[in-house]
Amino acid sequence: AQSVAQPEDQVNVAEGNPLTVKCTYSVSGNPYLFWYVQYPNRGLQFLLKYITGDNLVKGSYGFEAEFNKSQTSFHLKKPSALVSDSALYFCAVRDSSNYQLIWGAGTKLIIKP
Amino acid sequence: KAGVTQTPRYLIKTRGQQVTLSCSPISGHRSVSWYQQTPGQGLQFLFEYFSETQRNKGNFPGRFSGRQFSNSRSEMNVSTLELGDSALYLCASSLNPGTLGTEAFFGQGTRLTVV
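Residues numbered from 1 in each chain as written. Chains lettered and ligands numbered in written order. Predicted model: local features only at pLDDT ≥ 70, side-chain atom pairs only at ≥ 80, totals over all residues. Heavy atoms only, no water.

**Some words on the overall build of chain A**
Per the secondary structure count, chain A includes zero helices and twelve strands. In terms of C-alpha radius of gyration, chain A reaches 13 Å, essentially the compact-globule figure of 13 Å for 113 residues. Taken along its principal axes, the extent of the C-alpha atoms in chain A is 45 × 30 × 20 Å. Considering chain A as a whole, with its 113 residues, one finds that 45% of them fall into the buried category. Contacts in chain A between residues far apart in sequence, at least 24 positions, make up 55% of those at least 6 positions apart. (Helix = DSSP H or I, 4+ residues; strand = E, 2+ residues; numbered from the N terminus. Rg over C-alpha atoms; globule rule 2.2 N^0.38 Å. Buried < 20%, exposed > 50% of the residue type's maximum accessible area, 1.4 Å probe, protein only. Contact = heavy atoms within 4.5 Å.)

**Quick notes on the nonpolar core**
If you look at the biggest cluster of nonpolar residues, it comprises 29 residues, and the most contacted ones within it are Leu19, Trp35, Leu47, Leu48, Phe74, Leu76 and Tyr89 of chain A. Elements supplying a minimum of two residues to this core: strand 2 (10-14), strand 3 (19-21), strand 5 (33-38), strand 6 (44-50), strand 8 (64-68), strand 9 (73-78), strand 10 (87-94) and strand 12 (107-112) of chain A. Looking at which element gives the most residues to this core, the answer is strand 10 of chain A, with four residues. Setting aside residues up to four positions removed in sequence, Tyr89 of chain A forms contacts with Gln6, Trp35, Tyr36, Val37, Leu47, Phe63, Leu76, Gly106, Thr107 and Leu109 of chain A. In terms of nonpolar packing, the next biggest core, distinct from the first, is built from 21 residues, Leu11, Leu21, Cys23 and Leu46 of chain B among them. (Core = buried A, V, L, I, M, F, W, Y, C linked by side-chain atoms within 4.5 Å.)

**Thoughts on the interface of chain B and chain A**
Each partner contributes residues to the interface: chain B has 21 residues there, and chain A has 19 residues. At the surface where chain B touches chain A, the tally comes to zero salt bridges. Scanning the region where chain B abuts chain A turns up three residue pairs in polar contact (both at pLDDT 80 or more). Counting residues per element, the ones that place at least two in the side of chain B that touches chain A are strand 4 (31-38), strand 5 (42-50), strand 6 (53-57) and strand 9 (87-94) of chain B. A class-by-class count of the residues in the side of chain B that touches chain A yields eight nonpolar, nine polar and four charged. (Salt bridge = Lys/Arg side-chain N within 4 Å of Asp/Glu carboxyl O. Polar contact = N/O pair within 3.5 Å; in protein donor to acceptor, adjacent residues only side chain to side chain. Nonpolar A, V, L, I, M, F, W, Y, C, P; charged D, E, K, R; others polar.)

**Some thoughts on the environment of Leu56 of chain A**
Residue and element names in this part refer to chain A. Mapped onto the secondary structure, Leu56 falls in strand 7 (residues 56-58). When the C-alpha atoms of Leu56 and Phe67 are compared, they prove to be 6.3 Å apart, with eleven residues separating the residues in sequence. If near-sequence neighbours (up to four positions away) are discounted, Leu56 is found in contact with Glu64, Ala65 and Glu66.

**Brief notes about the pairing of strand 2 of chain A**
All names here are of chain A. Alternating positions in strand 2 separate cleanly, Val11 and Val13 being buried on one face and Gln10, Asn12 and Ala14 remaining unburied on the opposite face. Judged from the five bridges that link them, strand 2 and strand 12 form a sheet pairing that is parallel. In the sheet register, Val13 faces strand 12, and the bridge partner there is Ile111. (Pairing = 2+ DSSP bridges.)

**Some points on unusual backbone geometry**
A negative phi holds for most residues other than glycine; trans holds for most peptide bonds. Residue and element names in this part refer to chain B. The step from Thr7 to Pro8 runs through a cis peptide bond, and the omega angle for that step is -10°. Topologically, Pro8 is positioned in the loop between strand 1 (5-7) and strand 2 (10-13). We note that Ser72 has phi near 75°; this positive angle belongs to a residue other than glycine. Of note, Ser72 is situated in the loop between strand 7 (64-68) and strand 8 (74-78). At Thr80, a residue that is not glycine, the phi angle is positive and equals roughly 45°. Secondary-structure assignment places Thr80 in the loop between strand 8 and strand 9.

**Some thoughts on the pairing of strand 12 of chain A**
Residue and element names in this part refer to chain A. A one-sided burial pattern is seen for strand 12, the buried positions being Thr107, Leu109 and Ile111 and the unburied ones Lys108, Ile110 and Lys112. With three bridges connecting them, strand 10 and strand 12 associate as antiparallel partners. Bridge assignment links Leu88 to a residue of strand 12, and that residue is Lys108.

**Overview of the pattern of salt bridges**
Residues and elements named next belong to chain B. Counting across every chain of the model gives eight salt bridges over all chains. Between Arg67 and Glu75 there is a salt bridge, with its nearest N and O atoms 3.2 Å apart. Put simply, Glu75 and Arg73 hold a salt bridge, and the shortest N to O gap is 3.2 Å. Taking the relative accessible area as the measure of exposure, Glu75 reaches 16% and is therefore buried. By sharing partners, the salt bridges in this structure join Arg63, Glu82 and Asp85 into a single network.

Here it is as structure tokens:
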């Protein structure tokens, strides 16, 4: 079965430090991977996607993600965290059978000043 | 360019009632998907509409239904509401069906509370 796992419910990082939010996936065929962010009382905002090409994908707000095929991972990263990065982050993979998105459970990112 | 608009933002309903939620996609987008978001279950796919036709349906009971109009606006209906239907309902629009190579854009959601 196709799935996405975000192993951490919550990640705490001090402001200015690098951050990583983990995501692993299981999908048939080539993976189409996405990261979205949700701020309180808001809908989801697109951050970045991997379709093909360079394994390091750059996105909005200084975020990037590294696609690792051998480890079936697509971790979200940022070199220097900001307090304003505090939010709920979702990883998703496109279902190869119906092209819908399969979502991870979400990871709450808390950046402390 | 206006984003995805969902109305109303908040709703309080009583068990047994029915509710209709509305979603207006980004201009030019013909695909609309609906999701239910709860703290325990994350995002669960409800259904997707493209050009007034339901393309895909998630694993929800028949009390959950939807439709799409010729202007791509979509409505979602939940009948015989249950307490467990309390959730944030999100609508997403995209240019192509099934996020084929493109990202989906989300509305702010409708917060439904069933009492």
